[in-house]
Each structure stands twice: as structure tokens, then as C-alpha cells.
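Here's the letter readout for the chains.
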Amino acid sequence: MRVALTHALLQFRLLQLWWLFCNIWDSQAYDSLRQKALDLMREAPLIDGHNDLPVKLRWFYENKLSKIDLRTLNTTQTNIQKLQAGHVGAQFWSVYVPCDAQDKNAVHLALEQIDVIKRMCENYEELELVTSAQGIDYIGRNKIACLIGLEGGHSIDSSLATLRIFYELGVRYMMLTHDCNTPWAQSSLRQTSSLYADTYTLTGFGEEVVKEMNRLGMIIDLSHTSDATALAVLRLSKAPVIFSHSSAFSLCNHTGNIPDHILYRLKRNNGIVMVTFYAEVLTCGKDAVNILTVADHFDHIRTLIGSEHIGISGDYDGGLRHPEGLEDVSKYPALIEELLRRGWSEEELKDVLRENFLRVFREVEKVRDENVFMIPNEEEISQDDVDISCHQDLKPPSGVAILN
Ligand SMILES: *[C@@H]1O[C@H](CO)[C@@H](O)[C@H](O)[C@H]1NC(C)=O
Ligand SMILES: *[C@@H]1O[C@H](CO)[C@@H](O)[C@H](O)[C@H]1NC(C)=O
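Residues numbered from 1 in each chain as written. Chains lettered and ligands numbered in written order. Predicted model: local features only at pLDDT ≥ 70, side-chain atom pairs only at ≥ 80, totals over all residues. Heavy atoms only, no water.

Undergrad: Sorry, what's going on with helix 4 (residues 106-123) here?
TA: Look at helix 4: 26 Å from first C-alpha to last across 18 residues, which is about the 26 Å you get at 1.5 Å a residue. Listing the buried residues of helix 4 in full gives Ala106, Leu109, Ala110, Gln113, Ile114, Val116, Ile117, Met120 and Cys121. Relative to the axis of helix 4, the buried residues are bounded by an arc of 160 degrees and lie together on one face. Each element contacted by the buried residues of helix 4 is listed here: helix 2 (53-61), strand 2 (88-96), strand 3 (127-129), strand 4 (144-151), helix 6 (160-168) and strand 5 (171-175). (Helix = DSSP H or I, 4+ residues; strand = E, 2+ residues; numbered from the N terminus. Expected span 1.5 Å × (residues − 1). Buried < 20%, exposed > 50% of the residue type's maximum accessible area, 1.4 Å probe, protein only. Arc of directions from axis to C-beta. Contact = heavy atoms within 4.5 Å.)

Pasting the structure below:
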């Protein structure tokens, strides 16, 4: 009896030891994966495709940078200290203007958002505005490259001249539509605005916009566009395109996500999808959302078209809710750690963090350089196609005639 008891006790002790050993081993594995993720990100700092801090500056601080300290700002998901902790090396700041401003003061608001991004990136020595792939590569080790992305084609007010000036101001991608149709491109959320309800796919003028973006060297962003628009652009564009913040439609059928058949087309175009963390598009609001949910989208797209067509886009300060474990811009390493755990190689992850985006950007610049002989596009949209009730035309006053 006594012997049996001792035996049982021994077995129990052995089990306890085994359990302890497993735990130590596990936590070491955890620590070493986290360390590996951090080392990797130090070597290949993230280029993130979409951050909406500028609109928060507008909403809550009227773009008055003198009133806040961006190093430690704690009312947003983004500040400079957190970007550094998250190993962000380059950030596309979003110039977001609501669809309600279409045909009203969208251009003016977009200019003010570009102004605040430029001032923010000048005011802080940790930030520096860049406008080329080389600029991202050459940025100092401890600096974060600022890039500008225009969220929504309504902000060019159907004017190629305005598009060109935005390029001159440093805008390097434009999302063709946000949640509303423009007179020349269809949005995936076409029903949210009654404006231009008849726009289907990409119109003739929309094709001119795409060609002009190719000529300028501005990256075309297809997030938020309808499938028909995306397919039309993928057929037409001479340069690779991006989806600046979208995930996989087959895992969550949200209108912001990309169906598999378009992902295949994206692969042929050599473009990338910068997978977003915005909780709503990851699970369609169904379940708790965490790092595993995000990683599932990465896995799906990698299986379908390969990791060379993937980038990262936190959509911080944009989406209403972010996954557990990815609450702010300091948390990117947690995702890299999970992807390492799932067997993604270090080389793949360096590409996902940086190189895939740089490949697309360099290709876009190459198309621009190969087309330097082309003159600026002088097409104008037909006045019949736009709501011009808020527009003043530039015509000579009465009595002023051309000399002849
Ligand atoms: C946020 O920052 C403000 C001003 O710097 C400070 O007074 C406040 O305590 C901070 N809040 C938190 C939750 O850290
Ligand atoms: C997504 O799926 C649900 C359920 O099957 C359906 O009701 C909804 O209309 C779908 N949404 C889209 C955008 O396809």
C-alpha cells in the first residue's frame, strides 16, 4: 500500500517536472521568437501603407500642431515613440477627405491635410518627408520616412491638372475611390452616396487618370474600388498597383476586401496587397479579433499568390476597432512573431515588411522614366458628367476678347 502510494507520488512528481520543463522550454521558444521578430524588424524596418493620424489631428486638434507633442500624444494609436517601438521605418500618412466634400471643398481640405503632414514631418527630427523609393532606402537609421497617400479620387475634382499638382506636392499614391463613386470610377460601397450612382467600372476619363498616374509615377491604389473598377485598372495599368489597406474577401466578405480572382490578377500585375488590421474587415464583426485572425489573412493570401505580393498596413487611427494584441503602432512585432511561428521564413518576412513595396515603387518609377517623352495629359472631363453646381468656370468677363 505504502509502496503503491510512493509510486503514485513519484509519478506525480515526474509529471510536475515534465510540465515545468515544457513551460520553460515554451517560454524560451516564445522569447526567442519575439527576439527574432525584433532583430528582423531592426534589419528591415516596416514600410506601412496606411495611417489616418492626420484626420485625427484635424478632428481633435484643428491641425494645430503647436498644441500637441507628437512624441508622446496618448489620445491616438500613433505617436513617434510608439512608431519607434514598432520598428516602423516608413509611413504612408493618409490624406483623407470625406465623400461629402465631393464637388464642394474636397481639394481645399486635401491641401490642408497635406500641409499638416508636411509640417508634422518638418517639426520633428525623427521624421522626414520622402518622395521616392531611394528616399525610403536612404533615410537615416533612426528616422521614419514620411510618405503621402491620397485617400479617394474625389479629391482631384476630376481634374488631371490637380492630380499633377498633388504629385508635385509629394503625393505618391492615390486610392481611386473611397466610399463613393466619382464621375469616373466606381467604389465598392457605391450605395453610400447618391452622387454618380450611374458610374460603372472605369469610364473613359478614368482611363486617362490611370494613364496620367502611370506617366507621373504615382502609385495606383485599388482599396475601396469596386471589383469591376479594379479589373479595368489591372488590365490597363502599365505599372504594378497596390491595395493600400485590404484583406481577403474569402475569409470575410467585407466590401473593402479582395476576392480570390482579383488576387490572381494582382499577382500577374506584380502588385501587392498591404494587409490591414482593421478589425471590421477581418471577421466581418463576428468574433473576437486577435493576432491569429490577422495572421489567417496573411496565410490565405500567401497560399493563393505567394508572399511576394504581400505588404502590411495597420490602418491605425482609421478603423474603429483593432485586434487584441495589435492595439497601436508599437505592436507590429507581435504579428511578425506569429508569422514566424507559422513557418514564414525570415527572407519572406523581410520582403513583406519592406522589399515587396519597394519593388512596386521602383517599378512605378521605372514606368515614369520610360515615358518621359509623353506630354502631360490635357484631357478634360465632360461637363455633362459632373455636378458643377458648386463650380465657377474660368471664362473671360464680358467685353474681353482674344486679340487677333
Ligand atoms: C496623457 O497625456 C497627458 C498629457 O501629457 C497626461 O496628462 C495624461 O496623464 C496622459 N494619460 C495617460 C492615460 O497616460
Ligand atoms: C456576405 O455574406 C452574408 C451572409 O452570407 C450576406 O448576407 C452578405 O450580403 C454578404 N456581403 C457581401 C458584401 O457580399
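After presenting the structure, the write-up continues.
Undergrad: I tried to follow the packing of aromatic side chains on my own but got confused; where do I start?
TA: Remark: the centre distance and the inter-plane angle together describe each pair of aromatic rings, the angle taken between the planes. A full pass over the atoms with the stated rule returns eight aromatic pairs. Measuring from centroid to centroid gives 4.7 Å for Phe92 and Tyr173, while their planes differ by 40 degrees, and the two rings are tilted. Note that Phe92 is positioned in strand 2 and Tyr173 in strand 5, a separation of 81 residues in sequence. For Phe92, a relative accessible area of 0% puts it in the buried group. Tyr173 sits in the buried class, given a relative accessible area of 0%. Counting every residue linked through ring pairs, the aromatic cluster contains Phe92, Tyr173, Phe357 and Phe361. The ring of Trp344 has Arg302 lying over it, and the distance from NZ or CZ to the ring centre is 4.6 Å. (Phe/Tyr/Trp six-rings, centres within 6.5 Å; stacked < 30°, edge-to-face > 60°. Lys NZ or Arg CZ within 6 Å of the ring centre and 35° of its normal.)

Undergrad: How should I be thinking about the state of the cysteines in this particular structure?
TA: In a disulfide, the sulfur atoms of two cysteines are covalently bonded to one another. The tally for this structure, following the rule as stated, stands at three disulfides. Linked covalently through their sulfurs, Cys99 and Cys180 form a disulfide whose S-S length is 2.1 Å. The sign of the -85 degrees torsion about the S-S bond sets the Cys99-Cys180 disulfide as left-handed. A residue pair is termed long-range when its members are at least 10 positions apart, and Cys99 in the loop between strand 2 and helix 4 and Cys180 in the loop between strand 5 and helix 7 (204-216) qualify at 81 residues. Note on Cys180: relative accessible area 1%, which makes it buried. Paired through a disulfide, Cys121 and Cys146 show a sulfur-sulfur distance of 2.2 Å. Between Cys121 and Cys146 the disulfide shows an S-S torsion of about -95 degrees. By sign, it is left-handed. Residue Cys121 is found in helix 4, and its partner Cys146 is found in strand 4; the two are separated by 25 residues along the sequence. In this pair, the class of Cys121 matches that of Cys146, namely buried. When the cysteines engaged in disulfides are numbered in sequence order, the protein pairs them as 1-4, 2-3, 5-6. No disulfide involves Cys390; its sulfur sits 15 Å from that of Cys180, the nearest cysteine. (Disulfide = S-S within 2.5 Å.)

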